[in-house]
Amino acid sequence: MKKDAYKVAVVGATGAVGNTMTRVLEKRDFPVSEIVLLASGRSTGRTLKFKGKDYPVHELTESSFKGIDIGLFSAGGSISAKFAPIAAQDGCIVIDNTAHFRMEPDVPLVVPEVNPDAIARYTTRNIIANPNCSTIQMLVALKPLHDAGKILRIVVSTYQSVSGTGKDAIEEMLVQSREMASSIQWNKEDGLDKLWQGLSPFRTVKTNVYPYRIAFECLPQIDIFLENDYTKEEMKMVWETKKILDPSIRVTATAVRVPTFFGHSESVNVETEKKITAQQAKELLSKAPGVKVLDDPANKVYPVTALAGGEDDTLVGRIREDESIPNGLNLWVVSDNILKGAALNAVQIAEILIDKYL
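For the protein chain, the name recorded in an unreviewed UniProt entry is Aspartate-semialdehyde dehydrogenase, with Desulfomonile tiedjei as its organism. The UniProt entry for the protein chain carries the following comment under Sequence similarities (unreviewed entry): "Belongs to the aspartate-semialdehyde dehydrogenase family." Regarding the protein chain, the relevant UniProt record gives this comment under Subunit (unreviewed entry): "Homodimer."

This is the structure we're talking about:
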């Protein structure tokens, strides 16, 4: 199928990730001969810009993929479950951003900086899976350390923004934050009791997206709880890390939703077979593809979500040795969850696909 340019469909084009996929295709000058924007019937009639031109959004149907070379899917698991096999049957190579196909053994699960060779297995079903956003950024940072010292165990806690849930979650946090900020009357001369009294009415508020208020709060639940009392989000990181990086790695995760709009942060602790000093880790990471090291604690230089927004690279800092074990490291990892955690990773897969396999 080697061509000078490819007909590309973006499924879920009006959503945050789908819209970003379109922008990334343009920014990276992906060889697109024609772009087809697909979404639900509610979005028909809308237009989106690509390379300065307005393109109509078409309703996604079973006949949408005739003649399409590559389909970038980000419209939800149920949509991918139905339409990805149809697209694949029509000869379209699907790069799917949902969780639906990730753990199927005959579908490659790919982070381009970590396991690009897995893309070669796309021919089995014409489907390639994009990992979970939190898994992507963690493994981009850990791949060079695993290559140098073999990671035996990972303990990760995530601090994930509301954009990971979607536009309704962003709106819910905005509404709650405005209501609280306008209702609580307190200044620093007042006692803390007065502040607690002002907060009391907001301990239970009406929510539509999350089980509890997200404004000025942290929720230790992302996705549903499973039988082992871990959430599905936490277990995704376990399962996907083993599939992508090394099945022998022991992984435990705690995933927390925090009141930030964009960008996911992670506290990552690793134990390695071979000792890697903090300085060695900094040197390895500074040379690693897709990584930018921000690590100068004396000058308060470390990754924050404000620096990650719109950044292709995964930011890594607070690199230090774990003094409780002989061969341990701690890292703070931050990434734009909509960009590298979803849209960019998918386009990078497509770039390798056309460069090496088509």
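**Q** Where do I start with the UniProt feature "binding site: substrate" (unreviewed entry) in the protein chain in this structure?
**A** When the UniProt feature table is mapped to this numbering, "binding site: substrate" (unreviewed entry) covers Gln160 and Arg257. These annotated residues cover 98 residues of sequence, but their C-alpha atoms sit close together, with the largest distance between any two at 4.8 Å. In this structure, Gln160 sits in strand E8 (residues 151-160). Ignoring any residue separated from it by four or fewer positions in sequence, one finds Gln160 in contact with Ser134, Ile222, Glu233, Ala255, Val256, Arg257, Val258 and His264. Of the polar contacts made by the side chain of Gln160, one reaches the side chain of Thr158; its length is 2.7 Å. Using a relative accessible area of 6% as the deciding quantity, one classes Arg257 as buried. Within polar-contact distance, the side chain of Arg257 engages the side chain of Thr165 at 3.2 Å.

**Q** What's the story with the packing of aromatic side chains in this structure? I'm lost.
**A** Throughout the structure, instances matching the rule amount to three aromatic pairs. Pairing Phe50 with Tyr55 gives two aromatic rings, centres 6.2 Å apart and planes at 70°, and the pair type is edge-to-face. The burial state of Phe50 is the same as that of Tyr55; both residues are buried. Taking the centre distance of 5.6 Å and the plane angle of 40° together, the rings of Tyr159 and Trp332 count as tilted. With Tyr159 in strand E8 and Trp332 in strand E13 (residues 328-335), this pair connects stretches of sequence that are 173 residues apart. Residue class for Tyr159 comes out partly exposed when judged on its relative accessible area of 31%. Classification of Trp332 by relative accessible area gives partly exposed; the value is 23%.

Reading guide: rules and limits
- Residues numbered from 1 in each chain as written.
- Predicted model: local features only at pLDDT ≥ 70, side-chain atom pairs only at ≥ 80, totals over all residues.
- Heavy atoms only, no water.
- UniProt positions renumbered as here; feature names shortened; annotations may be inferred.
- Helix = DSSP H or I, 4+ residues; strand = E, 2+ residues; numbered from the N terminus.
- Contact = heavy atoms within 4.5 Å.
- Polar contact = N/O pair within 3.5 Å; in protein donor to acceptor, adjacent residues only side chain to side chain.
- Buried < 20%, exposed > 50% of the residue type's maximum accessible area, 1.4 Å probe, protein only.
- Phe/Tyr/Trp six-rings, centres within 6.5 Å; stacked < 30°, edge-to-face > 60°.

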